[in-house]
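# Fold and geometry: a report
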Amino acid sequence: MWTAGAGATAEVQEPGGKLRCSSTRHIPVVGVVTEDEEAQGAFKTMDLNRVSNLLEETDKDDLEEKQLKSVKKLVQCYQNGFPLRDLAQIFKILNLCAEKIENQPHFIESALNILKLCGLPFLKKKVSDEITYAEDTANSIALLGELMKIPNSELRIQICKCIVDFYHAEPPKKHITGYQQASSSYKIKMAEVGGLAKTMVQSLALLENQLVEKLWVLKSLQHLSTSEVNCTLMMKAQGASGICAHLNDPDPSGQLLFRSSEILWNLLEKSPKEEIIQQLSNLECLLALKEVFKNLFMRGFSHYDRQLRNDILVITTIIAQNPGAPMIECGFTKDLILFATFNEVKSQNPLVKGLKLSNSYEDFELKKLLFNIIVILCKDLPTIQLLIDGKVILALFTYVKKPEKHKIIEWSAAQYEELQLHAIVTLSSVAPLLTEEYMLCQGNAQVLAFLEWCESEDSFFSHGNSFHGTGGRGNKFAQMRYSLRLLRAMVYLEDETINSDLCEKGTIQQLIGVFKNTISKANDKEEAIVLEIQSDILLILSGLCEHHIPRKEIFGTEGVDIILRVMKTDPTKLQTGLGYNVLLFSTLDSIWCCILGCYPSEDYFLEKEGIFLLLDLLALNQKKFCNLILGIMVEFCDNPKTAAHVNAWRGKKDQTAASLLIKLWRKEEKELGVKRDKHGMIIDTKKPLFTSFQEEQKIMPLPANCPTLAVMDVAENIRAKIYAVLGKLDFENLPGLSAEDFVTLCIIHRYLDFKIGEIWNEICEEIKLEKLRPVNTDKKILEVITTASENIGKMVASLQSEMIESQVNQDVQNEQKVYTKIQATHKQRELANKSWENFLARTSNAKTLKKAKRLQEKAIESSRYGEHPPNAIFHRTDIKGLNTTVPSGLVVTVESTPARLLGGPLADTDIALKKLPIRGGALQKVKAVKTVNESKKSVPT
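Residues numbered from 1 in each chain as written. Predicted model: local features only at pLDDT ≥ 70, side-chain atom pairs only at ≥ 80, totals over all residues. Heavy atoms only, no water.

Another aspect to go through is empty space enclosed by the protein. Applying the stated criterion across every chain, the model contains two cavities of 30 Å³ or more. The space that makes up the largest cavity amounts to roughly 70 Å³. As for the largest cavity, its lining consists of P121, F122, F166, A169, A182, S183, S184, Y186 and K187. Each residue belonging to the lining of the largest cavity can be placed in one class, and the counts come to six nonpolar, two polar and one charged. There is about 60 Å³ of room inside the second largest cavity. Partitioning the lining of the second largest cavity into residue classes produces seven nonpolar, one polar and one charged. (1 Å grid on protein atoms, 1.4 Å probe; cavity = no way out; pocket = protein on both sides within 12 Å on 5 of 7 lines; lining within 4 Å. Points joined across faces, edges and corners; volume = space filled by probe spheres on them. Nonpolar A, V, L, I, M, F, W, Y, C, P; charged D, E, K, R; others polar.)

In structure tokens form, the structure reads like this:
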């Protein structure tokens with residue numbers, strides 16, 4: 001039974017120093033607890049208002065003793081944890097105790113005892129208490145960070161222990177009747193809401209020379225930094241730079257470096273990375289990282305030291321991605337280059353004198369990280385001189401060679417293979433920047449020799465365990481892939497010295513041979529990597545042969561053959577995602593660079609039906625290929641033999657090349673939003689080629705060297721290329737075109753005129769916008785030009801109308817012919833039916849037969865000559881009394897009911913007739929019917 005006292009309002013100090021009022025609630029004044037309840041752990045409640053009021057008093061003599069006694073009772077009362085509803089007042093009492101510590105040291109024990117209880121889980125009476133008292137709880141926990149300002153070591157350490165206990169909470173010693181433990185993550189969430197991480201970071205500035213306290217604060221921040229919300233708060237408090245700048249502070253235990261690096265890791269992972277990198281990109285932080293890394297590199301021998309060294313290098317690598325980081329200014333770049341190359345290039349620098357890397361996992365990872373950071377550092381151009389001084393190219397080329405047997409190396413076979421691949425990848429980034437050093441090291445010769453080894457049948461078992469070794473297990477495909485990438489990077493510099501050196505060493509023939517070998521060695525497992533190798537080979541060949549006819553001649557028929565082989569690839573494979581699209585792009589590029597312009601190669605390409613393959617690819621109607629294929633077609637059409645091949649091509653449903661090109665034109669105009677009617681006719685004769693984009697954009701005055709929208713439109717779609725191809729084929733006598741195609745062809749034929757008219761219209765508009773007034777002569781000329789352009793549009797529209805009208809008339813005539821044919825067919829059927837009916841009537845009715853006979857005889861008599869010459873003997877040609885209506889003679893063939901209906905001449909006629917169905921008056925074929933008296937073996941009719 002409880003007796004409630006007066007309502008009380010608790011005030012809690014926020015992190016900013018403001019007081020915030022919690023909701024008014026009743027505070028228990030007197031509690032009667034039975035022995036049973038005490039055994040179960042029930043609260044012995046007390047008046048918290050009285051305690052806080054007592055601590056605020058200052059004018060009594062024995063006040064301190066009473067205050068300490070009241071706080072002690074509070075601690076005893078809540079020894080199993082604080083209820084959420086009382087938390088605001090308890091933390092107010094804690095704050096009052098902490099403020100008295102400086103002048104009254106006895107209060108330190110009271111504050112510490114309360115803080116220890118804060119490490120226990122909070123208690124809730126209702127499920128809704130966590131939501132109801134969330135604001136009070138967040139403000140109370142935030143107060144812990146504010147208490148760090150009080151200059152007392154024990155208090156600060158206990159606060160940090162309390163925060164750490166949030167993440168390792170111990171259950172209460174006794175179960176409290178009517179209360180249950182708040183959720184384990186409740187304190188952590190409230191710490192995020194209260195902004196505790198921010199105040200803890202700020203407290204580091206107060207602990208410059210206090211190592212123990214600083215380590216406890218770092219430990220608490222290490223736990224807090226596991227949350228994204230806390231990491232963001234720490235970032236806003238400049239936590240990354242503050243922690244990093246003190247990495248090299250003296251610490252015999254080594255905890256400072258470990259915990260600081262862990263916090264930096266968490267900040268980089270769980271807060272905006274760019275902001276953290278920006279905070280760390282200052283001279284102070286980089287100098288600290290440099291000294292720490294050097295110390296660990298030179299003096300760290302334990303497993304822990306090596307791991308920490310690698311972590312520091314990863315953090316440095318992330319910072320180095322920022323171009324503004326003063327890596328060179330602090331000397332870190334020079335040291336990193338030295339550490340990366342000292343094993344391969346002997347150095348007298350005292351930093352690496354006597355140093356040697358082992359084949360441990362940590363040193364192996366270090367070597368890869370150093371290669372990786374060189375790739376990042378070389379993006380900063382001032383680093384190039386340091387790379388030259390550090391002989392980086394020479395060091396990396398020590399890996400570009402076949403493994404030597406019986407040679408002792410410090411790495412295992414798998415480790416050496418991975419480092420080899422990593423070194424070649426690094427060369428692909430560094431060598432293009434250091435071309436002189438590359439040539440001094442005979443780079444081309446070394447790479448080609450290594451590529452020759454990759455192609456050879458030497459016994460070599462590749463482990464293929466690393467990222468770079470993917471797809472290369474048990475073969476040399478991984479080494480081949482990255483060697484070709486290096487060659488591609490060097491060729492695309494377009495340095496004539498390098499490219500000439502490559503060609504003199506027979507690179508073109510060697511690469512064609514490698515391409516052929518990859519085709520024979522490939523299987524399904526390595527399909528993706530083989531496709532990449534083939535793509536790179538074609539790109540390298542394109543780079544070498546472009547603009548050089550002699551090199552195109554070296555490429556020759558063997559090169560054309562590999563291109564044709566790729567072009568015959570099953571089109572369905574283009575959708576597999578394995579790299580066939582890239583290979584096809586590389587192939588089209590090699591046609592442009594290695595074949596076009598070399599007439600023997602062009603003729604061989606045509607002879608092998610290369611144009612047919614190009615048009616087959618164009619007919620796939622894949623937009624990504626159309627532009628490039630049409631560009632190749634334009635160039636090929638300069639060869640006089642091409643037109644015959646283009647006109648001879650036939651696609652699906654006997655489609656011709658001209659029809660395909662016109663179809664592509666219509667599709668392109670539809671996508672561009674060009675205005676056309678349902679028949680494809682011009683709607684706006686002033687702007688017949690205008691796209692929707694051009695309609696939306698306003699014409700603006702531009703300098704003479706800037707292309708206008710009309711000029712840019714030529715390069716941005718395929719219409720100009722289609723016009724060029726059809727123009728070279730001659731617009732006349734194009735086979736396989738429909739009326740719709742001819743309507744579109746009218747527009748294509750006048751494409752250049754329309755485009756010139758567009759440009760003149762833009763000139764007129766720009767003159768108006770610039771408020772210029774041309775002289776009368778120029779004005780008249782402009783008017784004549786614009787009128788002529790519009791007249792061309794009207795003429796084309798008129799021609800299109802005539803074509804459509806002519807087609808409509810032709811369709812009507814064709815339809816009429818079809819109807820006439822149908823009518824003739826029906827009439828013939830009617831005559832046949834009438835003849836059949838007459839035949840049935842004559843055979844079914846004797847009177848009809850006689851009448852027909854009389855008519856026939858009458859017709860015969862009327863046709864005969866009336867007068868007979870004298871003494872002439874007259875011979876009758878018919879048999880008298882014969883009732884037939886067919887011509888008769890001495891030999892008569894009687895056509896009666898077909899034998900197939902009666903079952904043959906020996907069948908019982910009466911029975912057979914009984915089985916014959918009558919449909920529409922005509923006898924129909926039925927199955928033969930056997931009777932009892934029928935012969936076992938029927939006689940054929």
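Glancing now at the nonpolar core. Across soluble globular proteins, nonpolar side chains show a tendency to be buried alongside one another. Formed by 233 residues in total, the largest nonpolar core has its most connected members in I114, L144, L221, I591, L614, F636 and L726. The leading source of residues in this core is helix α28 (residues 527-545), at 10 residues. In terms of domain composition, this core takes at least three residues from each of domain 1 (45-194) and domain 2 (438-651). The residues contacting L144, other than those within four sequence positions of it, are F91, L115, I159, C162, I163, F166 and L196. (Core = buried A, V, L, I, M, F, W, Y, C linked by side-chain atoms within 4.5 Å. Buried < 20%, exposed > 50% of the residue type's maximum accessible area, 1.4 Å probe, protein only. Helix = DSSP H or I, 4+ residues; strand = E, 2+ residues; numbered from the N terminus. Domains from an automatic or database assignment. Contact = heavy atoms within 4.5 Å.)

To characterise two packed helices, one gives the angle between the axes of the helices and the distance between these axes. At their nearest, the axes of helix α25 (residues 477-491) and helix α26 (residues 496-504) sit 9 Å apart, and the two run at 130° to each other. By the angle between their directions, the pair α25 and α26 is classed as oblique. Contacts from L487, M490 and V491 of α25 reach α26 at I498, N499 and L502. Along the lines of polarity and charge, the residues of the contact of α25 with α26 split into five nonpolar, one polar and no charged. (Axes fitted to C-alpha atoms, helices over the stretch in contact; angles between N-to-C directions. Parallel < 35°, antiparallel > 145°, perpendicular 65-115°, else oblique.)

This part is about helix α29 (residues 549-567). Compared with an ideal rise of 1.5 Å per residue, which puts 19 residues at 27 Å, α29 spans 23 Å between its outermost C-alpha atoms and falls more than 12% short. At G556, α29 shows its maximal kink, close to 70°. Of all the positions in α29, only R551, K552, F555, G556, G559, V560, I562, I563, L564, V566 and M567 are classed as buried. Packing partners of the buried residues in α29 comprise α26, α27 (507-521), α28, α30 (580-595), α31 (599-607) and α32 (610-619). (Expected span 1.5 Å × (residues − 1). Bend = angle between axes of the 7 residues up to and from the residue.)

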